[in-house]
Amino acid sequence: LYGRNAVGGAINLITKQPTNSLEASARLVAGNLGAFRVEARLSGPLVPGRVLASAAMLRGVRDGFVRDVDHPDHPLGGEDVTAFRSKLHLVVSRRSQLLVSGGVTHQDPTPLTYAKVIDVKPGFNVDNPEDLHEVRASTLAEGRILQYGGSARFTATLPTSIALTSTTAFRKLDYQVVNGADITELDLTSVHLREAQ
């Protein structure tokens, strides 16, 4: 029951398994704001019918779409991601098999966490740019996300047609973001959030 006890539900993503025939694909995307993205995947047998492998990679960048007037060389809301994933499928015997997989994702975006100030509470004076795509922030925004992990799934079918499955997995997340939460030139609220799992 995917989504049980999860507010708004959950999405279960199942990645492609290694194939016993050679497969390759690539995708290239370019756009405004310096957007560039390349994706590639390769899958096939190392030992036909016995050892199958696949690998996929992603590299994507895009400039931010909101200009921080106080830090003009660091536009907010950009993308900078590099990711790699691989799988190895071993057919141990007619009744047992092992699937080992692992992956790493590194993101280094300039975060756009809070919305632009539209109106100011009485008693505060801020230099609020008129352009909706411009802000002033007292804190230089920075962001970094590193996550990686691996898993091994061993499956064996007993003569009685009962399937036994053993799954072992590990995942690590290191997340950090720094920004000015008030999105003004006033040094009111600066956030330095660090999360490690």
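Our structure's up above, just so we're on the same page.
Residue positions are given per chain, counted from 1 along the sequence in the order it is written. It should be noted that, the model being predicted, local features are given only for residues of pLDDT at least 70 and side-chain atom pairs only at 80 or more, the latter also being counted only at that level, while totals for whole chains, interfaces and linings use all residues. Side-chain measures were taken over the full set of non-hydrogen atoms in the model, leaving aside hydrogen atoms and water.

Asks: Before we go on, may I ask you to explain the pairing of strand E3 (residues 51–62) in this structure?
Replies: Regular strands show a simple pattern: their side chains alternate between the two faces of the sheet. Across 11 bridges, strand E2 (residues 35–47) lies against E3 in antiparallel orientation. Along E3, the bridge assignment pairs Arg 41 with Ala 56. Any two strands are treated as partners once DSSP identifies two or more bridges connecting them. The helix and strand labels rest on DSSP assignments: H or I over at least four residues marks a helix, E over at least two residues marks a strand, and numbering proceeds from the N terminus. Connecting E2 to the next strand, E3, in antiparallel fashion are 3 residues, including Gly 49 with a positive phi near 75 degrees. Examined bridge by bridge, E3 and strand E5 (residues 79–93) share 12 bridges and lie antiparallel to one another. Within E5, the residue paired with Ala 56 across the bridge is Arg 85.

Asks: Even after reading the chapter, I still don't get the environment of Arg 194, so can you show me in this structure?
Replies: With respect to the helices and strands, the residue Arg 194 is situated in strand E10 (residues 190–196). In this structure, the C-alpha to C-alpha distance between Arg 194 and Arg 144, residues 50 residues apart in sequence, is 9.7 Å. Residue contacts are counted whenever heavy atoms from the two residues lie within 4.5 Å of one another. With residues up to four places along the chain from it excluded, the contact list for Arg 194 reads Asp 174, Tyr 175 and Gln 176. Within the structure, the side chain of Arg 194 is placed 2.8 Å from the side chain of Asp 174, a separation counted as a polar contact. Residues adjacent in sequence count toward polar contacts only when both atoms are side-chain atoms; beyond that, a polar contact is any pair of N or O atoms within 3.5 Å, and within protein one must be able to donate a hydrogen and the other to accept it.

Asks: Just to check I follow, could you spell out a nonpolar patch on the surface for this structure?
Replies: For patch building, the residue pool is restricted to those with more than 30% relative accessible area and no salt bridge; the joining distance is 9 Å between like charges and 5 Å between nonpolar side chains (Val, Leu, Ile, Met, Phe, Trp, Tyr). In these tables, accessible area is a Shrake-Rupley quantity obtained with a 1.4 Å probe, and a residue counts as shielded only by the protein chains included in the view. A side-chain nitrogen of Lys or Arg and a carboxyl oxygen of Asp or Glu constitute a salt bridge if their distance falls within 4 Å. Together, Met 57, Phe 84, Val 104, Tyr 148 and Phe 170 give the surface a local cluster of nonpolar side chains, amounting to about 450 Å² of exposed area. Within the secondary structure layout, Phe 84 lies in strand E5.

Asks: Before we go on, may I ask you to explain the environment of Val 191 in this structure?
Replies: Among the structural elements, Val 191 can be located in strand E10. Think of it in three bands: residues with accessible area under 20% of the maximum for their type are buried, residues over 50% are exposed, and the middle band is partly exposed, with areas taken using a 1.4 Å probe on protein chains only. Accessibility expressed as a relative area gives 22% for Val 191, which makes it partly exposed. Put simply, Val 191 and Gly 49 are 142 residues apart on the chain and 53 Å apart in space, counted from C-alpha to C-alpha. Contacts of Val 191, omitting those with residues within four sequence positions, involve Tyr 114, Val 177, Val 178, Asn 179 and Ala 181.

Asks: Would you mind showing me how to read the pattern of salt bridges here?
Replies: Pairs can form between side chains of opposite charge once their charged atoms are near each other. Going through the model one piece at a time under the given rule, you end up with 10 salt bridges. Linking Arg 37 and Glu 39 is a salt bridge whose minimum nitrogen-to-oxygen distance equals 3.0 Å. Overall, Arg 37 belongs to the partly exposed group, its relative accessible area being 25%. Overall, Glu 39 belongs to the partly exposed group, its relative accessible area being 22%. The salt bridge involving Arg 194 is made with Asp 174; its shortest N-O contact spans 2.8 Å. Linking Arg 194 in strand E10 with Asp 174 in strand E9 (residues 163–180), this pair joins segments that are 20 residues apart in sequence. Accessibility expressed as a relative area gives 48% for Arg 194, which makes it partly exposed. Residue classification places Asp 174 among the buried positions, given a relative accessible area of 14%. Several salt bridges converge on common partners, so that one network encompasses Arg 27, Arg 37, Glu 39 and Glu 79.

Asks: What's the story with the sheet that holds E2 in this structure? I'm lost.
Replies: What holds strands together in a sheet is hydrogen bonding between their backbones, with the strands either parallel or antiparallel. Spatially, 8 strands are ordered E1-E2-E3-E5-E6-E8-E9-E10 in an open sheet, and the strand pairing comes out antiparallel. Whereas interior strands pair on both sides, the edge strands pair on one side only; in this sheet they are strand E1 (23–31) and E10. Geometrically, the sheet is characterised by an average inter-axis angle of 5 degrees between neighbouring strands, direction not taken into account. In this analysis an axis means a line fitted to C-alpha atoms, helices contributing only their contacting stretch, and an angle means the value between N-to-C directions, from 0 to 180 degrees.

Asks: What is the right way to look at the nonpolar core in this model?
Replies: Generally speaking, nonpolar side chains in soluble globular proteins are found buried as a group. In terms of nonpolar packing, the biggest core is built from 5 residues, these being Val 66, Leu 76, Val 135, Ala 141 and Ile 183. Once residues within four sequence positions are removed from consideration, Val 135 is found in contact with Val 66, Arg 67, Asp 68, Val 69, Leu 76, Lys 116, Pro 129 and Ile 183. Definition used in this section: a nonpolar core is a set of buried Ala, Val, Leu, Ile, Met, Phe, Trp, Tyr and Cys residues joined via side-chain atoms within 4.5 Å.

Asks: Looking at this structure, I do not really get unusual backbone geometry. What am I missing?
Replies: Most peptide bonds are trans, and most residues other than glycine sit at a negative phi. If you check the backbone angles, Leu 33 has positive phi at about 60 degrees while not being a glycine. Here Leu 33 shows up in the loop between E1 and E2. Leu 33 gets classed as partly exposed once you look at its relative accessible area, which sits at 38%. The backbone of Ser 161 sits at a positive phi, close to 70 degrees, despite the residue not being glycine. Residue Ser 161 is classed as exposed on the basis of its relative accessible area of 64%.

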